[in-house]
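Chain by chain, the residues run as shown.
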Amino acid sequence: MPDCKSAFGRLKEVLLRDAAARGEAEDIFKVLARRSQKSCCHILSTSATDKRAFELLWNAGGLANEEIVQTVCSRVCLQSTDCTFDVAREVAQSIETVVRSSDNTFTLLDPLVYILRACDRAGSNYKEVDERSTEVLDAISALLGKFHSSRAVVEFCLHRPTLESLQLVTGAGASIPVLLWIDVVLPFTIARMKEMKEQGVSGDQSEQEVVAIVRECARVFFIAREQMATTSLARLLFSAIAVAMSRGYSETERFPALGATILREHFEDAFAPSDPWIFDVLLGSMATSHQRIRAATELALRVLGDVALLRNDISWERDMEPEKRDVFVNIVAQALSPTSFNIAATMIGGSSSQNEDSKVVAPFVKSAEELISKMVRGGAIDEMVLQYIFAFVAKASVRCGTDTAQLMFHVCLQILSLTSASKSGLGSAADDSLVHLIEKLPVGVQLPLVAINEVWSLCGPTARAAFTRVYPMPGLLDTSVAVRAAAMKTLAQSSYISDDFLRDNALKIIDACQSIPHRIDGELELDKNALLVAAAPLLCRIALLRPSPALAAALFQLAEGAKLSMESDAMEAAHEAIRKAIEDIFVNSERRPLVRAVAKLSEKRSAVLFKAVVAISPEAKRVLDQLSRLTQQNQVEPAAEVYLLQEDAIVSSIGLEDFDVLCGSFDTFLATGDYLAALRTAAHIRDVYIDEYKGRRFESVVVNTLLPSIASSSINALPPEQAVFVLRDVMVAMQHRLPFNVFNASF
């Protein structure tokens, strides 16, 4: 042994210094190593400085000796000498050579990787940036090329990842076994991607390469099918895809399509209630931006086979079995995520079957109520979430069934209440949705008082008008005339409205017709016309009640409606509803209450009423003529109404525009003692020919002759209250103020 050591000492000098004799010296070393391997390797491990020397050491069995390995690593990691990095490079090159020359029976990977880690650390100590030396990367490449199934090799490659080492893993992706993808590679990519910023793609090449590894895994197992994917790998790969999508890698890497493929091929496991995989793209950071929500929606619709639906190219043609589709819908609805409601909103309407859509709507409506309640309880209202829920409600309101309409109605009101409080109201869109939902509510449905109050306080006029179909009475005094008209229409069409109800609410209905909020005149007239048309059947029923609490007021409102409808009609014809109401009143009313009711009207209202009545209703005109004849025959008590009803008949009989005829008729009435007819003729002359009336004898004849004659004759035949009504009407119309003693004969 001493001779061996002495010989090796001389040999070492040759190995290190004499390049010419190096070949012979290496041969001699091999011979000596066979006689004393440990001693030879130990001496060489402390003195070798180049690649050939370290190759000689490894080939002599140095890798099998833990002490030798530790000695080389200590030399590589020693930071006190400047030549350490050179030693590390030589060691790394020697390892590459050993690996490339080895075969599949090579079993010393662990010490080899251990030494290579030391070389990698030494290289990092002498570089200003975090990158690996070319020699180490070449060694890693050789290792991955031959020993891609080694956990130690793959872990070392990803231990201190650089762009180059990540590219090596991507290149070896097809050779890496399933178990290493599950245990090493995919967990690494998920952890690295979670460290990336959520704002979107940064452009960093290393981050791009991490995502490329995920893409390569999907290619190997689900596109090229180079290996068979297990359920565990599919689950982990889908999680990695979800994280990549949350960092903005969706369109460029086609991850929605790849994720959908995974879910479709592993549907039973992916949509198990205990661990729904799709929650990875529905919850968390994936639900915090519109871009991510759109990407997750695309993935979900691809699972259903509805790519065309995303672009609205064709109608929805599903290629998923109905049973699986129902499972999909229920699982997605359970996520309580804005993405869930975006998926549901996109699904609705693509089907030709409304019944099929109603199956989609039902679970999501319940989820919407639950999510809103959860936000309210937590005190954190997410407006973006509310917007997606409302988008779902807006589409579902058209396609939902009556069984879910009431719950959706409450959800819509909750959204409206929360967005109104945040001053970001949904405007007319909410009204449109509520209208569809209200139309599906059953008549007589019992709603909470809070919901009823929210409709009248938060909703627009369109929704309030629709709501009168369910609750009409509050709409009678709404600030919108259109809402009042809708309430009137509902009451008029309701078969359960009894006479007692009308008698109790007659004044409310009348007040709704006349107490109109101040608006622009033109709009007000159009709105009031529609209101009175809608109210006409109710006003008719009120007038026909026995006894009627508001006969006179109902008549006046009908007359007002006739006037407005004639003014707005090209043919100057009153609306059919108003015509029919007036005719029914005059045909079916008792004459005495009708006469007395008209007597209660003011002079202006009386004029409006009877001009409208005579103009639009021949049947009413016939009844009025009968009243006039009966009065002259003393079959009924003379009344002021007879005087009022004669005006239009007199004027129409003598001609409206012929001044000479009017003068002749006035003289005839005065001479025959028909003072009331003379007075009405004079009033008409004053309205049409005011200059002639004041410039000729009419004014003095009316004041000095006609009025005293009325006071001394005709008035005596009337009851005092009716006489006062007639004379008051005459005085206002003629714009005269006579001494009160003119009427002494009446009292």
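Parameters and conventions
Residues numbered from 1 in each chain as written. Predicted model: local features only at pLDDT ≥ 70, side-chain atom pairs only at ≥ 80, totals over all residues. Heavy atoms only, no water. Helix = DSSP H or I, 4+ residues; strand = E, 2+ residues; numbered from the N terminus. Buried < 20%, exposed > 50% of the residue type's maximum accessible area, 1.4 Å probe, protein only. Contact = heavy atoms within 4.5 Å. Areas by Shrake-Rupley, 256 points an atom, 1.4 Å probe, with all protein chains shown as cover. Phe/Tyr/Trp six-rings, centres within 6.5 Å; stacked < 30°, edge-to-face > 60°. Salt bridge = Lys/Arg side-chain N within 4 Å of Asp/Glu carboxyl O. pLDDT = per-residue confidence, 0-100. Axes fitted to C-alpha atoms, helices over the stretch in contact; angles between N-to-C directions. Left-handed = near helix turned anticlockwise from the far one by under 90°. Nonpolar A, V, L, I, M, F, W, Y, C, P; charged D, E, K, R; others polar. Expected span 1.5 Å × (residues − 1). Bend = angle between axes of the 7 residues up to and from the residue. Polar contact = N/O pair within 3.5 Å; in protein donor to acceptor, adjacent residues only side chain to side chain.

1. Description of the overall build of the protein chain
- In terms of helices and strands, the protein chain carries 40 helices and zero strands.
- Counting across all 747 residues of the protein chain, residues that qualify as buried make up 51%.
- Restricting the contact set of the protein chain to residue pairs at least 6 apart, pairs at least 24 apart contribute 70%.
- Total accessible area on the protein chain stands at roughly 34000 Å², and carbon and sulfur atoms take up 51% of it.

2. Quick notes on the environment of Asn342
- Tracing the sequence through the fold places Asn342 in helix H20 (residues 338-347).
- Overall, Asn342 belongs to the buried group, its relative accessible area being 17%.
- Between the alpha carbons of Asn342 and Thr297 there is a distance of 6.8 Å; along the sequence they are 45 residues apart.
- When residues no more than four places from it in sequence are discounted, the contact partners of Asn342 are Ile293, Thr297 and Tyr388.

3. Considering the packing of aromatic side chains
- Taken as a whole, this structure holds nine aromatic pairs when the rule is applied.
- Note on Phe341 and Phe392: the rings are 5.8 Å apart at their centroids and 50° apart in plane angle, and the pair reads as tilted. Remark: Phe392 occurs in helix H22 (residues 383-399) and Phe341 occurs in helix H20; sequence separation between them is 51 residues.
- Overall, Phe341 belongs to the buried group, its relative accessible area being 0%.
- These aromatic residues form a ring-pair network of at least three members: Phe409, Trp456, Phe467 and Tyr471.

4. Looking at the pattern of salt bridges
- Enumeration over the complete set of coordinates arrives at 16 salt bridges.
- Among the salt bridges present, the one from Arg503 reaches Asp500, with a minimum N-O distance of 3.2 Å. Highlighted residues: Arg503 and Asp500, both in helix H28 (residues 499-514), separated by three residues, approximately one helical turn.
- In this structure Arg503 comes out as partly exposed when scored by relative accessible area, which is 30%.
- Bridged by salt links that share partners, the residues Arg151, Glu155 and Asp183 form one connected network.

5. A word on helix H14 (residues 255-265)
- Most of H14 is tucked away, with eight of its 11 residues classed as buried.
- Listed as buried for H14 are Phe255, Pro256, Ala257, Leu258, Gly259, Ala260, Ile262 and Leu263.
- Those residues of H14 that are buried lie in contact with helix H12 (205-223), helix H13 (231-246), helix H15 (267-270) and helix H17 (290-304).

6. A word on the confidence of the model for the protein chain
- Of all residues in the protein chain, 71% have pLDDT values of 70 or greater, and the mean over the chain is 75.
- Confidence over residues 312-317 falls short of pLDDT 50; this stretch has 11 contacts with residues more than four positions distant or in other chains.
- Low pLDDT, under 50, characterises residues 630-656; the stretch is placed with 64 contacts to residues that sit more than four places away or in other chains.

7. Quick word on the packing of H12 against H13
- Across the interface, H12 lies against H13 with an axial gap of 10 Å and an inter-helix angle of 145°. Where H12 crosses over H13, the two elements pack in a sense that is left-handed. On H13, the residues that touch Val214, Cys217, Ala218, Phe221 and Phe222 of H12 are Leu233, Ala234, Leu237, Ala240 and Ile241.
- Per-class residue counts for the contact of H12 with H13 are 10 nonpolar, no polar and no charged.

8. A word on helix H11 (residues 178-194)
- For H11, with 17 residues, the first-to-last C-alpha span of 22 Å sits near the 24 Å given by 1.5 Å per residue.
- Maximum bend of H11: about 35°, positioned at Val185, with proline Pro187 one to four residues after it.
- Within H11, the full set of buried residues consists of Val178, Leu180, Trp181, Ile182, Val184, Val185, Leu186, Phe188, Thr189, Ile190 and Met193.

9. A look at the side chain of Arg247
- Looking at the secondary structure, you find Arg247 in the loop between H13 and H14.
- Polar contacts involving the side chain of Arg247 include one to the main-chain carbonyl oxygen of Met193, which spans 3.2 Å.
- At a separation of 2.8 Å, a polar atom in the side chain of Arg247 contacts the side chain of Ser246.

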